[in-house]
Amino acid sequence: MTDEELSLIAQQGDDEALNNLLHRYKSLVNKLSRRYFLLGGEMEDIVQEGMIGLYKAIKHYSPSKTASFKTFASICIKHQIQTAVKMASSEKNKLLSSALPMVERISNDEDDEEIEIIIPSTLPLPDDTVIEKENFNEIKQSILKVLSPLEIKIFSLYLKGYSYNEIANLASISKKSIDNGLSRIKHKLAFLKKENL
């Protein structure tokens, strides 16, 4: 019997036809599952999702489709695995929500395969954000300790993108004072950086 015929019989409730197709396509599920790697997940989980995709293909295949059962099954298996990966990337799982796919082509004797590897991105996790804020506050306090009030004002306006003329007007000082102030600030911050290394 062809795969297409077995699928139609399985749709009518024949467990033997269903099991026959599940057995026939187990190796395809394994092959397609090897293309995906999920940090924190097990290969068995990916294979299980692939088997669910195969089951759905068996139950929903129609002879009116222009694709063969094998092609339809491959699409369903891949879709089920990819959906599972996306679900794992939900808000409930922060490690996976910052994951990025990396697709690599490998070649073997049979045919070319793609391997999809899910790797963590460089986007900060909530804990990293808190640590960065703490580090920023420490650096800010150190800067405030070494700079004079006038230097803080010059530095702040300079960082906001104001020109020398605008800083001179806002701080009521000469352009030469701004130039000297920025030179002192640069020297103090370089010294502060050396102390923290």
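For the structure, see preceding data.
Presented here is an overview of the structure given in this document. (Residues numbered from 1 in each chain as written. Predicted model: local features only at pLDDT ≥ 70, side-chain atom pairs only at ≥ 80, totals over all residues. Heavy atoms only, no water.)

**Description of the pattern of salt bridges**
Alright, step 1. Tallied over the full model, the rule gives 3 salt bridges.
Alright, step 2. Between D3 and R24 there is a salt bridge, with its nearest N and O atoms 2.5 Å apart. Note that D3 is positioned in helix 1 (residues 3-11) and R24 in helix 2 (residues 15-24), a separation of 21 residues in sequence.
Alright, step 3. For D3, a relative accessible area of 18% corresponds to the buried category.
Alright, step 4. Its relative accessible area of 36% is what places R24 among the partly exposed residues.
Alright, step 5. The partner of K188 in a salt bridge is E151, and the shortest N-O contact between them spans 2.7 Å. Residue K188 is found in helix 10 (residues 175-196), and its partner E151 is found in helix 8 (residues 149-159); the two are separated by 37 residues along the sequence.
Alright, step 6. Of the residues examined, K188 reaches a relative accessible area of 25% and is grouped as partly exposed. (Salt bridge = Lys/Arg side-chain N within 4 Å of Asp/Glu carboxyl O. Helix = DSSP H or I, 4+ residues; strand = E, 2+ residues; numbered from the N terminus. Buried < 20%, exposed > 50% of the residue type's maximum accessible area, 1.4 Å probe, protein only.)

**Some remarks on the nonpolar core**
Generally speaking, soluble globular proteins have nonpolar side chains that are buried together.
Alright, step 1. Judged by nonpolar contacts, the single largest core of 24 residues is most densely connected at L54, I58, F69 and I77.
Alright, step 2. If we ignore the near neighbours within four places in the chain, the residues touching I77 are L28, V29, L32, G50, G53 and L54.
Alright, step 3. Residues I154, L157, A168 and A171 belong to the second largest nonpolar core, which totals 12 residues. (Core = buried A, V, L, I, M, F, W, Y, C linked by side-chain atoms within 4.5 Å. Contact = heavy atoms within 4.5 Å.)

**Notes on the packing of helix 2 against helix 4 (residues 43-60)**
Each packed pair of helices is defined by two parameters, the angle between the axes and the distance between the axes.
Alright, step 1. Interhelical geometry of helix 2 versus helix 4 gives an angle of 135° and a closest axis separation of 10 Å. In terms of orientation, helix 2 and helix 4 fall into the oblique class. Here the hand of the crossing between helix 2 and helix 4 comes out right-handed. Counting all contacts with helix 2, which are made through L18, L21 and L22, the residues of helix 4 involved are M51, L54, Y55 and I58.
Alright, step 2. Taken together, the residues that form the contact of helix 2 with helix 4 break down as 7 nonpolar, no polar and no charged. (Axes fitted to C-alpha atoms, helices over the stretch in contact; angles between N-to-C directions. Parallel < 35°, antiparallel > 145°, perpendicular 65-115°, else oblique. Left-handed = near helix turned anticlockwise from the far one by under 90°. Nonpolar A, V, L, I, M, F, W, Y, C, P; charged D, E, K, R; others polar.)

**Let's talk about the packing of helix 3 (residues 26-33) against helix 4**
Alright, step 1. At a minimum axis separation of 9 Å, helix 3 and helix 4 run at an interaxial angle of 130°. When the axes of helix 3 and helix 4 are compared, the pair comes out oblique. When you trace helix 3 past helix 4, the crossing you get is right-handed. Listed contacts from helix 4 to K26, V29, N30 and S33 of helix 3 are M43, I46, V47, G50, M51 and L54.

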